[in-house]
Amino acid sequence: MKKLLLLPLCLLIVNHSNAQILINEIDPDQTGSDVAEFIELYNSSASSISLDGYELVLYNGSDNASYANYPLDIYSIEANGYFVIGNVAGADISLSSLQNGTDAIALYKDHPNSFTNDTPLTLDNLVDAVVYGNSPNEVLLTLLNADEVQLIDDTETSLQRDTDGAGGARNTSAFVSRTPTPGASNSTATNSYTPKTEKIKVIPNPFYNDIRIESSRKIKAIHLFNAACNQILKNNNSIDGYIETTGLKAGLYILQVDFFDGNTTTQKVIKK
Ligand SMILES: [Ca+2]
Ligand SMILES: [Ca+2]
């Protein structure tokens, strides 16, 4: 009889595993003085979520350690709502400075330590992250899932998930460049936009010697960086999307592809 009585109790334990807070939009760089920087969090669930235990951490790509941290314990986000940390009008809490990159923004929950300045990068208790900036940074990219890309912000637009919450945690593929929408739905941006991330196809990956890159955009140049982020190969005539790597050691490399429309994207590749 006792087992039967336990069953209803078990059913009363509500599963909150789908409740999720994500970094939904960022805008590190504006024209002239950066007076509208912000990071927007989004609650994709149908219930209000307490931010008790959440901490937003800004990582400096020059040393891959933290340069600012924002404990969010006393706040909450309403169902399908937004929370803005920024110096933009209407921000929920103020932001002193958001570096223009190459840097990263990471959200943690219940991490045992506070991220005082110069805390080394960690993946423990990581909820979500975004890596942005022009220089490939392999260490910062470990904050993301495999094959996710480093984003590039420009002064006119923000980087935002298309649509709110799309793509899931630690994935940047759903981010596009659009008119900033701090504290509002990303789909309210009505201007035409140019995606700053390009989902390229690298064939094969892992590779032996030749790499072929497929993209819907015209490729201008291909760069290859080693794990220390030193550029070791550059092909300025890559319209055909090929790069030849004979003589390189086996291991992890960062491939950077520049497009004629001015966009750039990066991806990890492995030489066998
Ligand atoms: Ca800035
Ligand atoms: Ca938004």
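Everything that follows concerns the structure shown earlier in this document.
Let us look at the structure shown here. Just so you know, these numbers come straight off a predicted model, no measurement behind them.

**Considerations on the environment of T31**
With respect to the secondary-structure elements, T31 resides in the loop between β1 (21-27) and β2 (38-43). Judged by the 9 C-beta atoms lying within 10 Å of it, T31 is exposed. Spatially, the C-alpha atom of T31 lies 6.7 Å from that of E156, the residues being 125 residues apart in sequence. Once residues lying within four places of it in the same chain are set aside, the contact partners of T31 are T155 and E156.

**Observations regarding the sheet that holds β1**
An order of β7-β2-β1-β10-β11 is seen for the 5 strands of this open sheet, with the pairing classed as antiparallel. Of all strands in the sheet, those with a lone pairing partner are β7 (82-86) and β11 (175-178), marking the two edges. The average undirected angle you get between the axes of adjacent strands in this sheet is 30°. Alignment of strand β10 (residues 158-161) against β11, held across 4 bridges, turns out to be antiparallel. Paired with L159 across the bridge in β11 is S177.

**A word on the pairing of strand β8 (residues 103-109)**
Among the 7 residues in β8, 6 count as buried, and that is most of the element. Here strand β4 (residues 54-60) pairs with β8 via 7 bridges, running antiparallel. In the sheet register, V57 faces β8, and the bridge partner there is A106.

**A look at the pairing of strand β15 (residues 231-235)**
Bridge count for strand β14 (residues 219-225) against β15 is 4 bridges, and the pairing is antiparallel. Each residue of the ladder has a partner; that of I222, found in β15, is N235. With antiparallel pairing between neighbouring strands as the criterion, β14 and β15 make up a hairpin whose turn holds 5 residues, including C229 at a positive phi of roughly 65°.

**Description of the sheet that holds β4**
Ordered by their spatial adjacency, 4 strands build an open sheet running β5-β4-β8-β9, and the pairing between neighbours is antiparallel. In this open sheet, the two edge strands, each paired with only one partner strand, are β5 (65-71) and β9 (126-132). When the angles between neighbouring strand axes are averaged without regard to direction, this sheet yields 15°. Of the strand pairs in this sheet, β4 and β5 are connected by 6 bridges, and their pairing is antiparallel. Each residue of the ladder has a partner; that of Y59, found in β5, is S66.

**Observations regarding the environment of N43**
Within the secondary structure, N43 sits in strand β2. Distance from N43 to S76, taken between C-alpha atoms, is 9.4 Å for residues 33 residues apart in sequence. Those residues within four positions of N43 in sequence are excluded, and the remaining contacts are I21, I49, I77, E78, A79, N80 and G81.

Cut-off values and rules
- Residues numbered from 1 in each chain as written.
- Chains lettered and ligands numbered in written order.
- Predicted model: local features only at pLDDT ≥ 70, side-chain atom pairs only at ≥ 80, totals over all residues.
- Helix = DSSP H or I, 4+ residues; strand = E, 2+ residues; numbered from the N terminus.
- Buried ≥ 20, exposed ≤ 12 C-beta atoms within 10 Å, placed from the backbone.
- Contact = placed C-beta atoms within 7 Å.
- Pairing = 2+ DSSP bridges.
- Axes fitted to C-alpha atoms, helices over the stretch in contact; angles between N-to-C directions.

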